[in-house]
Amino acid sequence: MKEYIHSTISSTLAWAGNIYDLLLITYVYSYLMTYFSLNYLDITILFSLGLIGRVLGGIIFGRYADMIGRKPVMLIGTGGYALFQALMAFSPNAILLFIFRGLEGIFMGASWTASMVLAYEKAPPSIKGLITGIYQSGYGIGYALTGLTYLMFIHVMASEWRIFLLTGSLPLLLLPYIQLKVGESIKRVNEVNRKVRYKDYLRVLINATIAMSGMFIAYFSVFGNYTKVALDYAKMPPNLLGTLMIVANVLLALSFILFSRLADLTDKRKLIYIGVFGLLASVLLSVPPIPSLISYDAMFIGTVIFAFSTGFWPLMPLLLADSVPICVRGFLSGFAYNVGGLIGGVADIVLGFISQIYGILGLVRAIDVFVIFSLVLVFVSVITWPKQKVSMNT
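Not measured: the values here are computed from a predicted model.

So, the overall build of the protein
Link 1 in the chain: Within the protein, the secondary structure is distributed over 16 helices and zero strands.
Link 2 in the chain: The C-alpha radius of gyration of the protein comes to 20 Å, within 12% of the 21 Å expected for a compact globule of 394 residues.
Link 3 in the chain: In terms of overall dimensions, the protein has C-alpha extents of about 60 × 45 × 35 Å along its principal axes.
Link 4 in the chain: Within the protein, the fraction of its 394 residues that count as buried is 61%.
Link 5 in the chain: A separation of at least 24 residues holds for 86% of the contacts in the protein among residues at least 6 apart in sequence.
Link 6 in the chain: Taking the average place of the 27 positive charges on the side chains of the protein and the average place of its 17 negative ones, the gap between the two points comes to 9 Å.

Comments concerning helix H10 (residues 202-223)
Link 1 in the chain: If you check H10, its first and last C-alpha atoms are 31 Å apart, about what 22 residues at 1.5 Å a residue would give, namely 32 Å.
Link 2 in the chain: Burial within H10 is extensive, with 18 of its 22 residues counted as buried.

Section: the environment of Pro314
Link 1 in the chain: With respect to the helices, strands and loops of the structure, Pro314 is situated in the loop between helix H14 (296-309) and helix H15 (315-323).
Link 2 in the chain: Assessed through its relative accessible area of 0%, Pro314 is described here as buried.
Link 3 in the chain: Residues contacting Pro314, with those up to four places away along its chain left out, are Thr132, Gly133, Gln136, Phe256 and Ser260.

Digging into the packing of helix H6 (residues 128-153) against helix H7 (residues 157-166)
Link 1 in the chain: Running from amino to carboxyl end, H6 crosses H7 at an angle of 140 degrees, the nearest separation of the two axes being 10 Å. It follows from the interaxial angle that H6 and H7 lie oblique. Where H6 crosses over H7, the handedness of that crossing is right-handed. Together, Thr149, Tyr150 and Phe153 of H6 and Met157, Glu160, Ile163 and Phe164 of H7 make up the contact between the two elements.
Link 2 in the chain: Of the residues in the contact of H6 with H7, the class split is five nonpolar, one polar and one charged.

What about the environment of Thr303?
Link 1 in the chain: Turning to its location among the elements, Thr303 is positioned in helix H14.
Link 2 in the chain: Placed 19 residues apart in sequence, Thr303 and Leu284 show a C-alpha to C-alpha distance of 9.4 Å.
Link 3 in the chain: Ignoring sequence-local partners within four residues, the contact set of Thr303 consists of Phe223, Tyr226, Leu244, Met245, Ala248 and Ser286.
Link 4 in the chain: Among the polar contacts listed, one links the side chain of Thr303 to the side chain of Ser286, at a separation of 2.9 Å.

A short note on unusual backbone geometry
Link 1 in the chain: Phi is positive for Ser37, close to 55 degrees, though the residue is something other than glycine.
Link 2 in the chain: Take Ser37: it is sitting in the loop between helix H2 (29-36) and helix H3 (40-68).
Link 3 in the chain: With relative accessibility at 65%, the residue Ser37 sits in the exposed group.
Link 4 in the chain: Backbone geometry at Lys235 places phi at a positive 55 degrees, although glycine is not the residue there.
Link 5 in the chain: Here Lys235 lies in the loop between helix H11 (226-233) and helix H12 (238-263).
Link 6 in the chain: By relative accessible area, which is 57% here, Lys235 ends up exposed.

Thoughts on the pattern of salt bridges
Link 1 in the chain: On inspection of all chains with the given rule, the structure shows five salt bridges.
Link 2 in the chain: The salt bridge involving Lys122 is made with Glu3; its shortest N-O contact spans 2.9 Å. Taken together, the residues span a long stretch of sequence, with Lys122 in helix H5 (residues 94-122) and Glu3 in helix H1 (residues 3-24) at a distance of 119 residues.
Link 3 in the chain: Exposure remark for Lys122: the relative accessible area of 14% places this residue in the buried category.

A word on the confidence of the model for the protein
Link 1 in the chain: Looking at the protein as a whole, its pLDDT mean stands at 88, while 94% of the residues score no less than 70.
Link 2 in the chain: For the stretch residues 188-193, pLDDT sits under 50, and the model shows eight contacts to residues farther than four places along the chain or on other chains.

Structural notes on the nonpolar core
If you look at soluble globular proteins, the nonpolar side chains tend to sit buried side by side.
Link 1 in the chain: Formed by 124 residues in total, the largest nonpolar core has its most connected members in Tyr139 and Phe312.
Link 2 in the chain: Tallying contributions element by element places helix H16 (residues 326-383) first for this core, with 18 residues.
Link 3 in the chain: In this view, Tyr139 contacts Trp15, Ile19, Leu23, Tyr219, Phe220, Leu252, Phe256, Trp313 and Tyr337; residues no more than four positions away in its chain are not counted.

Thoughts on the packing of helix H4 (residues 70-89) against H7
Link 1 in the chain: Closest axis-to-axis distance for the H4/H7 pair is 8 Å, and the angle between their directions is 170 degrees. Between H4 and H7, the angle is such that the two are roughly antiparallel. On H7, the residues touching Gln85, Ala86 and Ala89 of H4 are Arg162, Leu165 and Leu166.
Link 2 in the chain: For the contact of H4 with H7, a count of residues per class yields four nonpolar, one polar and one charged.

Some words on the packing of aromatic side chains
Given two aromatic rings, their pairing is described by the distance between the two centres and the angle made by the two planes.
Link 1 in the chain: Taken as a whole and assessed by the stated rule, the structure comprises 29 aromatic pairs.
Link 2 in the chain: When the centroid spacing of 6.0 Å and the interplanar angle of 15 degrees are considered together, the rings of Trp15 and Tyr135 count as stacked. Here Trp15, found in helix H1, pairs with Tyr135, found in helix H6; they are 120 residues apart in sequence, far enough to count as distant.
Link 3 in the chain: On the basis of relative accessible area, Tyr135 is assigned to the buried category, the value being 1%.
Link 4 in the chain: On the numbers, 5.5 Å between centres and 75 degrees between planes, the contact of Tyr143 with Phe223 is edge-to-face. Taken as a pair, Tyr143 in helix H6 and Phe223 in helix H10 lie far apart in primary sequence, 80 residues in all.
Link 5 in the chain: Overall, Tyr143 belongs to the buried group, its relative accessible area being 1%.
Link 6 in the chain: The class of Phe223 is buried, set by a relative accessible area of 1%.
Link 7 in the chain: Stacked on the ring of Tyr120, the Lys or Arg Lys128 has its end atom at 4.5 Å from the ring centre.
Link 8 in the chain: For the cation-ring pair, Arg162 lies above Tyr35, with the distance from its terminal atom to the ring centre recorded as 4.8 Å.

What counts as what
Residues numbered from 1 in each chain as written. Predicted model: local features only at pLDDT ≥ 70, side-chain atom pairs only at ≥ 80, totals over all residues. Heavy atoms only, no water. Helix = DSSP H or I, 4+ residues; strand = E, 2+ residues; numbered from the N terminus. Rg over C-alpha atoms; globule rule 2.2 N^0.38 Å. Buried < 20%, exposed > 50% of the residue type's maximum accessible area, 1.4 Å probe, protein only. Contact = heavy atoms within 4.5 Å. Lys, Arg positive; Asp, Glu negative; His and termini not counted. Charge placed at Lys NZ, Arg CZ, Asp CG, Glu CD. Expected span 1.5 Å × (residues − 1). Axes fitted to C-alpha atoms, helices over the stretch in contact; angles between N-to-C directions. Parallel < 35°, antiparallel > 145°, perpendicular 65-115°, else oblique. Left-handed = near helix turned anticlockwise from the far one by under 90°. Nonpolar A, V, L, I, M, F, W, Y, C, P; charged D, E, K, R; others polar. Polar contact = N/O pair within 3.5 Å; in protein donor to acceptor, adjacent residues only side chain to side chain. Salt bridge = Lys/Arg side-chain N within 4 Å of Asp/Glu carboxyl O. pLDDT = per-residue confidence, 0-100. Core = buried A, V, L, I, M, F, W, Y, C linked by side-chain atoms within 4.5 Å. Phe/Tyr/Trp six-rings, centres within 6.5 Å; stacked < 30°, edge-to-face > 60°. Lys NZ or Arg CZ within 6 Å of the ring centre and 35° of its normal.

What follows is the structure, given as structure tokens:
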């Protein structure tokens, strides 16, 4: 089997596990609130610690990935987030729960930073977009698996929620495969790691960070709160919610591949505009701002369209990777993506404040406003993207 195939498989599975662990806790919010005496604002902070930790992990380990190589950082990151997910599952108190979540986030940032760039750099030039999409499909795969696991545990969740969380440690099984089958994408680390001027790429970094921040705000505003919206606001049956999460995120995974393959054939910016339009058209169906508009069919369709339209996500890291040389690609990619995640996490905390003050209806309407505003950010950053490109191997 060709080496880039092993890189793609391992990177995609590591990313799927990353997302699985990030979002798994959203299904057990009520149990965490009861057991650890937390309120919904505390829960949004707990969720966001995973995103905040990613920023530190992306910055710290992104530079190491440029210096010592992608593979060792991928191993450290994947093993780290899986280990701390296991520790979080058996946290005896709230303090350790929050500490383990933050540390988990740091290793999540390390894993994404290394695995995404590794998959991109190992791919043949003619299918870099496709490989990036396959890698990013791990997001949909990971989220869909949370829905499947939720359905498996739904009748025993009250007593087995810790075991439910423990399933997030399974990415530890990936480590031997990565060690044995995946090669390094930087062949001459010392030669590549020459002195660079990061400010030469500041304009690209700013645009990429704004765009990725908009993406994360839109996505986590909806999916970071969707279990609460569906169960508490719309009174959606739990079985339907689990099914919806599976269907929506399988289509999300497929749309990542579709958008990225199209990116090898046509203008990436046009594809991003199509995705942004799809998100704008579907958000009010997915999260109806008025109770009289609640319809399970409409919410199901709207959420599926919203998830599918998110398929343009891989094009943002791809635009960034195409615009900077290999010697700064790990750091800049990790920084932009994970700072975007941080901003998304901050937005989720703000939504938690709004929920505490204005209740569920205030939360729902704020979600719609946040999504629309964030998509404007994405559009502006892409339409003003610097017109520069570097060689794939420089």
